[in-house]
Amino acid sequence: MTVSTPWRRLPAPARAIAAATADAVAAARARDDAELDAAAARLAGCDQAQVGVVLGEAVRLLIERLHPDGLSGEDVQALFEQCARDAMAWTDLDVDTLVTVLTGALGVHDTAEVPRKPDPKLLDRHAILLLAHLLAGAGEPLEPYLTAAFAEVARSETEEMP
């Protein structure tokens, strides 16, 4: 994948995340399981804290775009069910991991309650499935959301804690 102009200015680790994410989303949109696995493996090889923040932020931004008045419990359930149904039509899906990704992006996931730490590749893969589903629902490209996610990460890293 050719890394687009806004991402060229990112540090090398962030460019790797951007390129792998773009490839993974393209694979998910094409329903190409092998390519999705390959891109998820590349993401799993990146710093997982950074990947999690970037993917979580992109998902959160898309959810806000699709639900500008906020989410009800029914909205969350419908989003989960639609994404799961769509993904299960062409690939393996771990329901618990998809729940973890969705609740994490919404900021309501309690990691203390997780009995086992999910495999990074599985988390990244399911985050991509959710991201691709949301992008399809919004009818929008990935780039603006990924760019905004990186900008939010940069902003939060430069903010001083009180």
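Criteria and cut-off values
Residues numbered from 1 in each chain as written. Predicted model: local features only at pLDDT ≥ 70, side-chain atom pairs only at ≥ 80, totals over all residues. Heavy atoms only, no water. Helix = DSSP H or I, 4+ residues; strand = E, 2+ residues; numbered from the N terminus. Buried < 20%, exposed > 50% of the residue type's maximum accessible area, 1.4 Å probe, protein only. Contact = heavy atoms within 4.5 Å. Areas by Shrake-Rupley, 256 points an atom, 1.4 Å probe, with all protein chains shown as cover. Salt bridge = Lys/Arg side-chain N within 4 Å of Asp/Glu carboxyl O. Polar contact = N/O pair within 3.5 Å; in protein donor to acceptor, adjacent residues only side chain to side chain. Core = buried A, V, L, I, M, F, W, Y, C linked by side-chain atoms within 4.5 Å. Axes fitted to C-alpha atoms, helices over the stretch in contact; angles between N-to-C directions. Parallel < 35°, antiparallel > 145°, perpendicular 65-115°, else oblique. Nonpolar A, V, L, I, M, F, W, Y, C, P; charged D, E, K, R; others polar.

Asks: Even after reading the chapter, I still don't get the overall build of the chain, so can you show me in this structure?
Replies: In terms of helices and strands, the chain carries eight helices and zero strands. Starting at the N terminus and ending at the C terminus, the chain contains elements arranged as α-α-α-α-α-α-α-α. Put simply, the chain has 162 residues, and 41% of those count as buried. A fraction of 75% describes how many contacts in the chain between residues 6 or more apart in sequence connect residues 24 or more apart. Approximately 8,800 Å² of the chain is accessible, and the part contributed by carbon and sulfur atoms is 54%.

Asks: What should I look at first to understand the pattern of salt bridges in this one?
Replies: In the structure shown here, the tally under the stated rule is nine salt bridges. For Asp23, the salt bridge is made with Arg42, and the minimal N-O distance between the two is 2.8 Å. With Asp23 in helix α2 (residues 12–30) and Arg42 in helix α3 (residues 33–44), this pair connects stretches of sequence that are 19 residues apart. We note a salt bridge from Arg85 to Glu81, for which the minimum N-O separation is 3.9 Å. Highlighted residues: Arg85 and Glu81, both in helix α5 (residues 73–88), separated by four residues, approximately one helical turn. Within the structure, one salt-bridge network assembled from shared partners comprises Asp33, Asp37 and Arg125.

Asks: Sorry if this is basic, but what is going on with the environment of Gln82 here?
Replies: Along the polypeptide, Gln82 turns up in helix α5. By relative accessible area, which is 43% here, Gln82 ends up partly exposed. On a C-alpha basis, the gap between Gln82 and His133 in space is 8.4 Å, while along the polypeptide they are 51 residues apart.

Asks: Looking at this structure, I do not really get unusual backbone geometry. What am I missing?
Replies: Glycine aside, residues mostly have negative phi, and peptide bonds are mostly found in the trans state. Even without glycine at this site, Arg31 takes up a positive phi of about 55°. On the secondary structure map, Arg31 appears in the loop between α2 and α3.

Asks: Explanation requested: the side chain of Arg125 in the structure shown.
Replies: With respect to the secondary-structure elements, Arg125 resides in helix α7 (residues 120–138). Within polar-contact distance, the side chain of Arg125 engages the side chain of Asp33 at 2.3 Å. Within polar-contact distance, the side chain of Arg125 engages the side chain of Asp37 at 2.7 Å. What Arg125 contacts, discounting residues up to four positions off in sequence, is Asp33, Leu36, Asp37, Ala40, Thr91 and Asp92.

Asks: What is the right way to look at the nonpolar core in this model?
Replies: Most often, soluble globular proteins keep nonpolar side chains buried together rather than apart. Grouped together as the largest cluster of nonpolar side chains are 49 residues, with contacts concentrated most on Ile128, Leu130, Leu131 and Phe150. Mapped by element, the contributors of at least two residues to this core are α2, α3, α4 (48–66), α5, α6 (95–106), α7 and α8 (143–158). Setting aside residues up to four positions removed in sequence, Ile128 forms contacts with Thr21, Ala24, Val25, Ala28, Leu36, Leu43 and Leu55.

Asks: Help me understand the packing of α5 against α7, please; the structure alone is not making it clear to me.
Replies: A packed helix pair is summarised by two numbers, namely the angle formed by the two axes and the spacing between the axes. Two elements in contact, α5 and α7, have axes separated by 10 Å at closest approach and are oriented at 105°. Taken together, the axis directions place α5 and α7 in an arrangement best described as roughly perpendicular. Across from Leu79, Gln82, Cys83, Asp86 and Ala87 in α5, the residues of α7 making contact are Leu129, Leu130, His133 and Leu134. Its residues assigned to classes, the contact of α5 with α7 shows six nonpolar, two polar and one charged.

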